[in-house]
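Summary of structural features
Here's the letter readout for the chains.
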Amino acid sequence: MSQAWSVCIELNSSDLTAETVVGLHEALSTHAPSVGQAPNGNASVRLFVETTELPEAVAAAIELVTTAARNLGISDRVVGLEVMTEEELDRTNALPVVPELAGISEVASICGVSKQRASKLTELPGFPDPVQTLASAGKIYLADPVKDWNGRRTRTRGRRRIPLNLTDAENAVLVALAAAGRGEPLPDATDLQQRTMAAVEETFSPTYFRLHRGSGQADDIDEALCALQDKALITTRRPPKKITNDFNHKDDTLVTITDMGRRRIPSTL
């Protein structure tokens, strides 16, 4: 069954004139031609041919274009070729010219974390490099590599990617989260642990709760949370919009202590 093929042919000719363009259009007028100059300066001709198979489309298009080029006195040497069905051309043309971009808010949405957590994620080894840094918006990333990176992070979250040697701060925050989740006091709690427990505003289960930290909060809690998630001892994600709207806390975080994290908590707690 015959179908329409879009064939783009690049000729080794950089001396396109208005007369040459008009001449190519007239010679190929029955094939809906588009004539222009490729980024490298060569002549570029796209046309449509009706054949049953791809090789036939290529042969027919090359014959049409090279014959027209010779008749106009320009080079007929083919140096580039692209061929696709008309349907594929329509699909390609429908794709956005500018790829999807992501600032820190979009990174947070892709990874399901707060903006503070997203900022920490961008500092991890292997996170995609920014394509630009703007004074008004900070670092800008291509969204697709960020999505791919987050997919790999999610799939490997339960693996031992780094040694589980906790710092004193990480251990203190993990114990404080467990105590707050259970609603139990923590004897001799450090200042870091007291602030961590105070940040737990809503408990859904002993290992699942909502954490709120004000804009002036010290970074030590957030740094410890980032490290605990990287070591697969907790998971974090953004709350649903209803929760953030109800409490007017857009940077809240839902925290879950994982099975591995529970095994790190002292049994005496």
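The text that follows walks through the structure, step by step, so that each part is easy to find. (Residues numbered from 1 in each chain as written. Predicted model: local features only at pLDDT ≥ 70, side-chain atom pairs only at ≥ 80, totals over all residues. Heavy atoms only, no water.)

**Remarks on the nonpolar core**
Condition: In these notes, a set of buried Ala, Val, Leu, Ile, Met, Phe, Trp, Tyr and Cys residues joined through side-chain atoms within 4.5 Å is what counts as a nonpolar core. Burial classes follow relative accessibility: with a 1.4 Å probe on protein chains only, a residue under 20% of its type's maximum area counts as buried, one over 50% as exposed, and anything between as partly exposed. To qualify as a helix, a DSSP run of H or I must reach at least 4 residues; to qualify as a strand, a run of E must reach at least 2; elements of each kind are numbered from the N terminus. The contact definition used throughout considers only heavy atoms, calling two residues in contact when any of these lie within 4.5 Å.
Counting residues in hydrophobic clusters, the biggest one holds 23 residues, and the most contacted among them are Leu 174, Leu 177 and Ile 257. Elements supplying a minimum of two residues to this core: helix H7 (168–182), helix H8 (191–199), strand S9 (208–211), helix H9 (219–230) and strand S11 (253–257). Element by element, the count of residues in this core is highest for H7, at six residues. In this structure, Ile 257 is in contact with Leu 174, Leu 177, Ala 178, Thr 207, Phe 209, Leu 233, Ile 234, Arg 262 and Ile 265, ignoring residues within four places of it in sequence. Listed in part, the 17 residues of the second largest apolar core include Trp 5, Val 7, Leu 47 and Ala 68.

**Examining the packing of H7 against H8**
Put simply, the rule reads: Only the stretch in contact is used when a helix axis is fitted, and all axes are lines through C-alpha atoms; the angle between N-to-C directions ranges over 0 to 180 degrees. In this scheme, roughly parallel covers angles under 35 degrees and roughly antiparallel covers those over 145, while 65 to 115 is roughly perpendicular and the rest are oblique. Left-handed describes a crossing whose near helix is turned anticlockwise from the far helix by less than a right angle; the clockwise case is right-handed. Amino acid classes used here: Ala, Val, Leu, Ile, Met, Phe, Trp, Tyr, Cys and Pro are nonpolar; Asp, Glu, Lys and Arg are charged; the rest, including Gly, are polar.
Where H7 meets H8, the axes come as close as 9 Å, and the angle between the chain directions of the two elements is 40°. By the angle between their axes, H7 is oblique relative to H8. Classified by chirality, the crossing of H8 by H7 is right-handed. Mapping the contact onto sequence places Ala 169, Ala 172, Val 173, Val 175, Ala 176, Leu 177, Ala 179 and Ala 180 in H7 and Leu 192, Gln 193, Thr 196 and Met 197 in H8. Taken together, the residues of the contact of H7 with H8 break down into 10 nonpolar, two polar and no charged.

**Considering the pairing of S9**
Put simply, the rule reads: If DSSP finds at least two bridges between two strands, the strands pair.
Two strands pair when backbone bridges link them, and strand S8 (residues 200–205) and S9 are joined in this way by four bridges, in the antiparallel orientation. The partner of Ser 205 across the bridge, within S9, is Tyr 208. The loop that links S8 with its antiparallel partner S9 comprises two residues. As paired elements, S9 and S11 share four bridges and run antiparallel to each other. Residue Phe 209 lies in a different strand from S11, and its bridge partner there is Val 255.

**Focus on the sheet that holds S8**
With antiparallel pairing, the four strands of this open sheet are ordered in space as S8-S9-S11-S10. Looking at the sheet topology across the chains shown, the edges are occupied by S8 and strand S10 (234–237). Shown here is a sheet whose adjacent strand axes are inclined to one another by a mean of 25°, direction ignored. Of the strands in this sheet, S8, S9, S10 and S11 are in contact with H7, which crosses S8 at around 70°. Packing against the sheet, H8 makes contact with S8 and S9, and its axis sits at approximately 65° to S8.

**Re the packing of aromatic side chains**
The geometry of an aromatic ring pair is captured by two quantities: the separation of the ring centres and the angle between the planes. How we decide: Two aromatic rings, drawn from Phe, Tyr or Trp (for Trp, its six-membered ring), form a pair once their centres lie within 6.5 Å of each other, and the interplanar angle then sorts them: stacked below 30 degrees, edge-to-face above 60, tilted otherwise.
For the structure shown, the criterion picks out three aromatic pairs. Centre to centre, the rings of Phe 127 and Tyr 141 are 5.3 Å apart; their planes meet at 90°, and the pair counts as edge-to-face. Of this pair, Phe 127 sits in the loop between helix H5 (115–121) and strand S6 (132–134) while Tyr 141 is found in strand S7 (residues 138–142), placing the two residues 14 residues apart along the sequence. On the accessibility criterion, Phe 127 (6% relative accessible area) is buried. A centroid spacing of 4.8 Å and a plane angle of 70° characterise the contact between Phe 127 and Trp 149, whose relative ring orientation is edge-to-face.

**A look at the sheet that holds strand S4 (residues 78–85)**
Judged by pairing direction, the sheet is antiparallel, and its four strands sit side by side in the order S2-S3-S1-S4 without closing on themselves. Two strands close off the open sheet at either side, each with one partner strand: strand S2 (34–37) and S4. Pairwise comparison of adjacent strand axes, ignoring direction, gives a mean angle of 20° for this sheet. Pairing of S2 with strand S3 (residues 43–51) involves four bridges; the strand directions are antiparallel. Bridge assignment links Gly 36 to a residue of S3, and that residue is Ser 44.

**Let's talk about the environment of Leu 166**
Here Leu 166 is to be found in the loop between helix H6 (143–155) and H7. For Leu 166 and Leu 228, which are 62 residues apart along the polypeptide, the C-alpha to C-alpha distance reads 8.3 Å. If we ignore the near neighbours within four places in the chain, the residues touching Leu 166 are Asn 171, Leu 174, Leu 228, Lys 231, Leu 233 and Arg 264.

**A short note on helix H2 (residues 54–72)**
The criterion, for reference: The span one expects for a helix is its residue count, reduced by one, times 1.5 Å.
The end-to-end C-alpha distance of H2 is 27 Å, a good match for the 27 Å that 19 residues give at a rise of 1.5 Å each. For H2, the secondary structure elements touched by its buried residues are strand S1 (3–11), helix H1 (18–27), S3 and S4. Once H2 ends, the next one or two residues include Gly 73, with phi positive near 80°.

**Re a negative patch on the surface**
Threshold: Patches here are clusters of residues that have more than 30% relative accessible area and form no salt bridge, with a 9 Å joining cutoff for like charges and a 5 Å cutoff for nonpolar side chains (Val, Leu, Ile, Met, Phe, Trp, Tyr). Computed by Shrake-Rupley with a 1.4 Å probe, the accessible areas treat only the displayed protein chains as cover when residues are assessed. We define a salt bridge as a contact between a side-chain nitrogen of Lys or Arg and a carboxyl oxygen of Asp or Glu at a distance within 4 Å. Residues scored as charged are limited to Lys and Arg (positive) and Asp and Glu (negative), so that His and the chain ends carry no count. Working definition for charges: the position is that of NZ of Lys, CZ of Arg, CG of Asp or CD of Glu.
On the surface, a cluster of negative charge is made up of Glu 50, Glu 86, Glu 87 and Asp 90. If one sorts the elements of the negative patch by residue count, helix H3 (residues 86–94) sits on top with three residues. When you line up the elements, Glu 50 lands in strand S3.

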